[in-house]
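# A look at the structure
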Amino acid sequence: MKTNFQNLLYIICSCWISNLNAQYIPIDKSATESTKVFYKNLHKQAQKGFMIGHQDDLSYGIGWRNLDGESDIKRVTGQYPAVFGWDLAHIELDSANNLDGVSFDKMKQNMKKVHAMGGVNTITWHLRNPVNGKSAWDVDTVVKHILKGGNKNAIYQSWMSKVAVFLNSLKDEKGNPIPVIFRPFHEHNGSWFWWGKKFCTPQEYKQLYQQTVQHLGSKGVHNVIYAYSTDNFPDEADYLERYPGNDFVDLIGFDTYHRNAPQSNEAFVKNLKRMLATVENYAEKNHKLLAITETGLEKVTDPNWWTNILLKGVDNHKISYVLLWRNGRPDHYYVPYPNQQSAEDFKEFVKNPKVFLGDKTMKENLYKK
Ligand code: BMA
């Protein structure tokens, strides 16, 4: 029989847990039930460890392209990654393929497969410059023209509507919308994309992000977890300079690439730790998820990069996932393929209990209440 004290303890604990759960609610007030469940489960999962993600993992790798079921991460470890990155660039042109040659139809099929096996889908959008139709890297003053009231707003609205159609078409076998993480206008504190720092004011950037969220909502998109991610940043003030606000963002993160190895090895680890410590606090206080939204060392030229650099950088920080960039070409890849010089170390790395590949994530079942 329970004593009064035990009963009281039980009540206090249940209230505390339900209060904790109540805080993990997506910003979209009309988010679908499964998006809400997914978001809460992502938070719980992040208490245990971080998932490994890979951009375009199922679309191509080193020495192969469009081979059903293939994945460089699977070729090396026997498991798929837990998180799969995709890019919608050129959907705005009604093109059949994205900017890296991935067919949108195939992408959709693969995203459904990922969801069915319990993995996570995350989307970026290197969209063209809506003012002149050139690439995302064609930098100029664009943002103020595409905001509401701007002379190019109609074009941007029509582009967003195409994204909405795509997101709304992501349905599981029962016809329910598949929850995805969408990360628009990333690396905006750099100045290499037209939405970058030099080409719009903080206010304009915030409006761009907010109007995007609002527009997708108005088109019936309610299966999205919204991610905000900068490039490297010096401090919290810089990180938050263009933050659209807690009502528009579910997940915060940043992109950080390791360049000039091995000279910069120590600096990379130190910088990664510093940035994580800076934003971890913010994420915790504001009940947001935290992720390293893109990282990697091109061609993984350090055989021990995984255990010696990345793992050390992530340290004990509580993050949801680390997304490694695409295996695009023999001179542009970020995860090992069989016999690549870091393949053995990658296998060691994924043995760490805090590192989650596909199999472990599936056991967690992120989509189940
Ligand atoms: C960059 C490079 C490009 C690619 C773009 C969008 O980082 O990988 O080759 O087109 O991302 O995926």
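Given the structure is predicted, the values throughout are model-derived calculations rather than measurements.

Cut-off values and rules
- Residues numbered from 1 in each chain as written.
- Predicted model: local features only at pLDDT ≥ 70, side-chain atom pairs only at ≥ 80, totals over all residues.
- Heavy atoms only, no water.
- Near = heavy atom within 4 Å.
- Polar contact = N/O pair within 3.5 Å; in protein donor to acceptor, adjacent residues only side chain to side chain.
- Areas by Shrake-Rupley, 256 points an atom, 1.4 Å probe, with all protein chains shown as cover.
- Nonpolar A, V, L, I, M, F, W, Y, C, P; charged D, E, K, R; others polar.
- Salt bridge = Lys/Arg side-chain N within 4 Å of Asp/Glu carboxyl O.
- Helix = DSSP H or I, 4+ residues; strand = E, 2+ residues; numbered from the N terminus.
- Core = buried A, V, L, I, M, F, W, Y, C linked by side-chain atoms within 4.5 Å.
- Buried < 20%, exposed > 50% of the residue type's maximum accessible area, 1.4 Å probe, protein only.
- Contact = heavy atoms within 4.5 Å.
- Pairing = 2+ DSSP bridges.
- Right-handed = clockwise from strand over helix to strand, strands pointing away.
- Phe/Tyr/Trp six-rings, centres within 6.5 Å; stacked < 30°, edge-to-face > 60°.
- Expected span 1.5 Å × (residues − 1).
- Arc of directions from axis to C-beta.

### Concerning the site of the ligand
Taken together, L99, D100, H126, W137, W325, R326 and H332 form the complete shell of residues around the ligand. Here an oxygen atom of the ligand and a side-chain polar atom of D100 are 2.6 Å apart. Interatomic distance of 2.6 Å between a side-chain N/O atom of H332 and an oxygen atom of the ligand. Contact with the protein chains hides 77% of the accessible area of the ligand, taken as 310 Å² for the molecule alone. For the shell around the ligand, the class distribution of residues is three nonpolar, two polar and two charged.

### Brief notes about the pattern of salt bridges
Applying the stated criterion to the full structure yields 16 salt bridges. Ionic contacts of the salt-bridge type, sharing partners, join the residues K197, D238, E241 and R242 into one network.

### Section: unusual backbone geometry
In this chain, A261 is followed by P262 through a cis amide linkage whose omega measures 0°. Within the secondary structure layout, P262 lies in the loop between β8 (251–257) and α9 (265–285). Positive phi is not limited to glycine here, since H90 has a value of about 90°. With respect to the helices and strands, H90 occurs in the loop between β4 (83–87) and α4 (104–116).

### Some thoughts on the nonpolar core
One recurring pattern in soluble globular proteins is that nonpolar side chains are buried together. Core analysis: the largest hydrophobic core is formed by 87 residues, its most contacted members being W125, W195 and F349. Here the element with the most residues in this core is α9; it accounts for eight residues. When residues no more than four places from it in sequence are discounted, the contact partners of F349 are F50, I52, W306, T307, L310, L311 and V355. Ranked by size, the runner-up nonpolar core spans 21 residues in total, among them M51, I225, L289 and F356.

### Structural notes on the pairing of strand β7 (residues 224–230)
Most of β7 sits out of view: seven of its seven residues are buried. As paired strands, strand β6 (residues 180–182) and β7 are joined by three bridges and run parallel to one another. Note that in β7 the partner of F182 across the bridge is Y226. For the handedness criterion, the β-α-β arrangement of β6, helix α7 (residues 202–218) and β7 is classed as right-handed.

### Digging into the packing of aromatic side chains
For the coordinates displayed, the defined rule picks out 25 aromatic pairs. Ring geometry for F182 versus Y226: centroids 6.5 Å apart, planes at 65°, classification edge-to-face. Of the two residues, F182 is situated in strand β6 and Y226 in strand β7; the sequence distance between them amounts to 44 residues. We note that F182, like Y226, is buried.

### Description of the environment of D105
Along the chain, D105 falls in helix α4. Linking D105 and F166, residues 61 residues apart in sequence, is a C-alpha distance of 9.8 Å.

### Some details on α4
Compared with the 18 Å implied by 1.5 Å per residue over 13 residues, the 18 Å span of α4 between its first and last C-alpha is a close match. When we look at burial in α4, the residues that qualify are F104, M107, N110, M111, V114 and H115. Looking straight down α4, one finds its buried side chains confined to an arc of 140°; they lie on one side. Exposed side of α4, more than 90 degrees from the buried face: D105 and A116 are the residues found there. In this structure, the buried side of α4 is in contact with β4, β5 (120–124), α6 (153–168) and β6. Between the side-chain oxygen of the N-cap and the backbone nitrogen of D105 there are 3.3 Å, and the N-cap of α4 in question is S103. Count one or two residues on from α4 and you reach G118, which has phi positive near 90°.

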